[in-house]
Amino acid sequence: MHIGIMAAPKSWYLADLQRAGSARHRVTRLDYQCLCALVESAGETLATAKQNLGDLDCVVVRTMPAGSLEQVVFRMDLLGRAEAAGCLVVNPPKAVETAVDKYLTTSRLAAAGLPVPRTHVSQTLDDALQAFAALGGDVVVKPLFGSEGRGLVRINEERHAEHVLQTLVREYGVVYMQEFVPHAGYDVRVLLIGERAWAIRRSNGNDWRTNVARGGKPLPMDLDNERGEKLAALARHAQSAVGAPLSGVDLLIARDGRELVLEVNAIPGWKALSSALRVDVAAAVIAYVEEHV
């Protein structure tokens with residue numbers, strides 16, 4: 001097979017997938033910046049500067065770089081056209097578009113019957129301040145687009161709320177706000193590749209944010225007991241709601257016993273999980289591609 005990887009040149013995940021796949025397949029890095037399309041009455045040619053996408057059996061999406069609205073829409077549209085032409089795209093463009101948007105993800109999860117933290121999204125300071133009070137005066141504000149815990153802010157003092165929220169409205173134009181849910185100092189990341197699932201607990205004794213990128217410590221978690229099976233079922237339900245066969249689902253166990261779905265990442269990292277569990281995740285991704293092309 002010929003597998004294309006949408007990734008930065010020095011990506012650890014590109015190197016890991018090349019290691020896992022190069023013995024049996026041709027693995028080529030693709031660059032979002034170089035995507036282009038030629039549309040004619042006779043058909044359409046999708047390519048990068050060096051690679052015709054029509055020659056690929058699969059495209060694995062390993063990055064979503066920043067760009068203008070026009071760039072992002074075009075890139076997703078082009079991957080969608082490649083998928084329509086018969087190329088396996090992992091994850092599908094629609095799933096990536098959903099998962100990168102926290103509001104759309106949360107809305108989809110709730111519509112699928114999954115438990116999520118109470119969430120409010122607004123565009124004005126007055127609406128954000130009213131939501132802050134309605135959510136109990138203790139909230140987590142997140143960028144609508146973002147990952148690895150970057151940009152998360154906890155607001156639990158009324159005297160700070162107006163200043164912080166005003167800054168967010170001015171900088172981003174949209175405020176995505178969730179109730180702060182007291183927990184036991186850890187969350188759960190479930191990595192799914194098709195039907196296969198692995199999990200780690202991420203704990204951080206120095207910060208309420210548990211992301212590994214923020215200093216969280218990854219520890220193995222068993223999915224073969226009663227609670228693990230329940231968490232795995234929640235993660236699979238979330239995976240289905242977003243439509244991403246390769247998913248990183250973040251779950252939170254509240255102190256009151258509730259099990260909540262926080263996010264679904266359609267370009268999930270696995271470096272920490274692979275190390276903690278001693279699992280060759282890249283090989284599992286290649287196996288999934290081999291099975292579904």
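Thresholds, definitions, all that
Residues numbered from 1 in each chain as written. Predicted model: local features only at pLDDT ≥ 70, side-chain atom pairs only at ≥ 80, totals over all residues. Heavy atoms only, no water. Helix = DSSP H or I, 4+ residues; strand = E, 2+ residues; numbered from the N terminus. Rg over C-alpha atoms; globule rule 2.2 N^0.38 Å. Buried < 20%, exposed > 50% of the residue type's maximum accessible area, 1.4 Å probe, protein only. Contact = heavy atoms within 4.5 Å. Lys, Arg positive; Asp, Glu negative; His and termini not counted. Charge placed at Lys NZ, Arg CZ, Asp CG, Glu CD. Core = buried A, V, L, I, M, F, W, Y, C linked by side-chain atoms within 4.5 Å. Phe/Tyr/Trp six-rings, centres within 6.5 Å; stacked < 30°, edge-to-face > 60°. Pairing = 2+ DSSP bridges. Axes fitted to C-alpha atoms, helices over the stretch in contact; angles between N-to-C directions. Left-handed = near helix turned anticlockwise from the far one by under 90°. Nonpolar A, V, L, I, M, F, W, Y, C, P; charged D, E, K, R; others polar. 1 Å grid on protein atoms, 1.4 Å probe; cavity = no way out; pocket = protein on both sides within 12 Å on 5 of 7 lines; lining within 4 Å. Points joined across faces, edges and corners; volume = space filled by probe spheres on them. Salt bridge = Lys/Arg side-chain N within 4 Å of Asp/Glu carboxyl O.

## Observations regarding the overall build of the chain
The secondary structure content of the chain amounts to 9 helices and 15 strands. Since a compact globule built from 293 residues should have a radius of gyration of about 19 Å, the 20 Å found for the chain is in line with a globular shape. For the chain, the C-alpha atoms occupy an extent of roughly 60 × 45 × 35 Å along the three principal directions. Out of the 293 residues in the chain, the part that is buried amounts to 47%. Here the analysis covers contacts within the chain between residues at least 6 apart in sequence; of these, 65% occur between residues at least 24 apart. Positive and negative charge centroids in the chain, built from 32 and 34 side chains respectively, lie 6 Å apart.

## Re the nonpolar core
Within the largest apolar cluster, 42 residues are counted, with the highest numbers of intra-cluster contacts made by Val-188, Val-249 and Leu-251. In contact with Leu-251, not counting residues within four places along its chain, are Asp-187, Val-188, Val-190, Leu-231, Leu-234, Leu-260 and Val-261. In terms of nonpolar packing, the next biggest core, distinct from the first, is built from 27 residues, Leu-14, Ile-193, Trp-270 and Val-279 among them.

## Here's the deal with the packing of aromatic side chains
Following the criterion strictly, the structure yields 2 aromatic pairs and no others. Geometrically, the ring pair formed by Trp-12 and Tyr-13 is edge-to-face, given 4.9 Å between the ring centres and 85° between the ring planes. Owing to a relative accessible area of 34%, Trp-12 belongs among the partly exposed residues under this scheme. Plain terms: the ring middles of Tyr-13 and Trp-270 are 4.9 Å apart, the flat faces sit at 80° to each other, and that makes the pair edge-to-face. Of the two residues, Tyr-13 sits in helix α1 (residues 12-21) while Trp-270 sits in the loop between β15 (259-265) and α8 (271-277), which places them 257 residues apart along the sequence.

## Here we look at the sheet that holds strand β6 (residues 88-90)
Backbone hydrogen bonds are what pair the strands of a sheet, in a parallel or an antiparallel way. Reading across the sheet, the 4 strands line up as β2-β1-β5-β6 and stay open at both edges, with parallel pairing between neighbours. Because the sheet does not close on itself, it has two edges, and the strands there are β2 (26-30) and β6. Averaged over all pairs of adjacent strands, the angle between their axes in this sheet comes to 20°, without regard to strand direction. By the bridge criterion, 4 bridges tie strand β1 (residues 2-6) to strand β5 (residues 58-61) in an arrangement that is parallel. If you follow Ile-5 over to β5, its bridge partner there is Val-60. Each of β1, β2 and β5 is contacted by α1, which is oriented at about 165° to β2, the strand it contacts most.

## Regarding the side chain of Lys-142
Inspection of the secondary structure assignment puts Lys-142 in strand β8 (residues 139-142). You can call Lys-142 buried: its relative accessible area is 9%. Not counting the four nearest positions on each side in its chain, Lys-142 is found in contact with Lys-102, Leu-152, Tyr-176, Gln-178 and Glu-263.

## Thoughts on the packing of helix α4 (residues 102-111) against helix α7 (residues 226-242)
As a packed pair, α4 and α7 sit with axes 9 Å apart at the nearest point and diverge in direction by 115°. Seen along the crossing, α4 lies across α7 with a hand that is right-handed. Judged by residue contacts, Thr-105, Arg-108 and Leu-109 of α4 engage Ala-238, Ala-241 and Val-242 from α7. Here the contact of α4 with α7 is built from residues that sort into 4 nonpolar, 1 polar and 1 charged.

## A short note on the pairing of strand β4 (residues 43-47)
Along any regular strand, the residues point their side chains to alternate faces of the sheet. The pairing of strand β3 (residues 36-40) with β4 spans 5 bridges and is classified as antiparallel. If you follow Cys-36 over to β4, its bridge partner there is Ala-47. Two successive antiparallel strands, β3 and β4, enclose a turn made up of 2 residues.

## A word on the pairing of strand β11 (residues 186-193)
Most of β11 sits out of view: 8 of its 8 residues are buried. Side chains Tyr-186, Val-188, Val-190 and Leu-192 project from β11 onto one buried face, and the interleaved Asp-187, Arg-189, Leu-191 and Ile-193 project onto a second face that is buried too. Looking at chain direction, β11 and strand β12 (residues 196-203) are connected through 8 bridges and run antiparallel. By the bridge assignment, Val-190 is partnered in β12 with Ala-199. Adjacent in sequence and paired antiparallel, β11 and β12 are bridged by 2 residues, among which Gly-194 carries a positive phi angle near 65°. Here β11 runs beside strand β14 (residues 246-253); their pairing, made up of 6 bridges, is antiparallel.

## Points about the layout of surface pockets
Of the volumes computed, that of the second largest pocket is approximately 180 Å³. Lining the second largest pocket, in full, are Val-141, Lys-142, Pro-143, Leu-144, Phe-145, Gly-151, Leu-168, Tyr-172, Val-174, Val-175 and Tyr-176. When residues of the lining of the second largest pocket are traced back to their parent elements, those giving at least two are β8, α6 (158-172) and β10 (175-179). Here the lining of the second largest pocket is built from residues that sort into 9 nonpolar, 1 polar and 1 charged.

## Quick notes on the pattern of salt bridges
Under the criterion given, the structure shown has 17 salt bridges. Residue Asp-16 pairs with Arg-19 through a salt bridge whose shortest N-O separation is 2.8 Å. Linking Asp-16 with Arg-19, this pair stays in helix α1, spanning 3 residues, or about one helical turn. Between Asp-31 and Arg-29 there is a salt bridge, with the nearest N and O atoms lying 4.0 Å from each other.

Taken by themselves, the reported measurements are silent on function.
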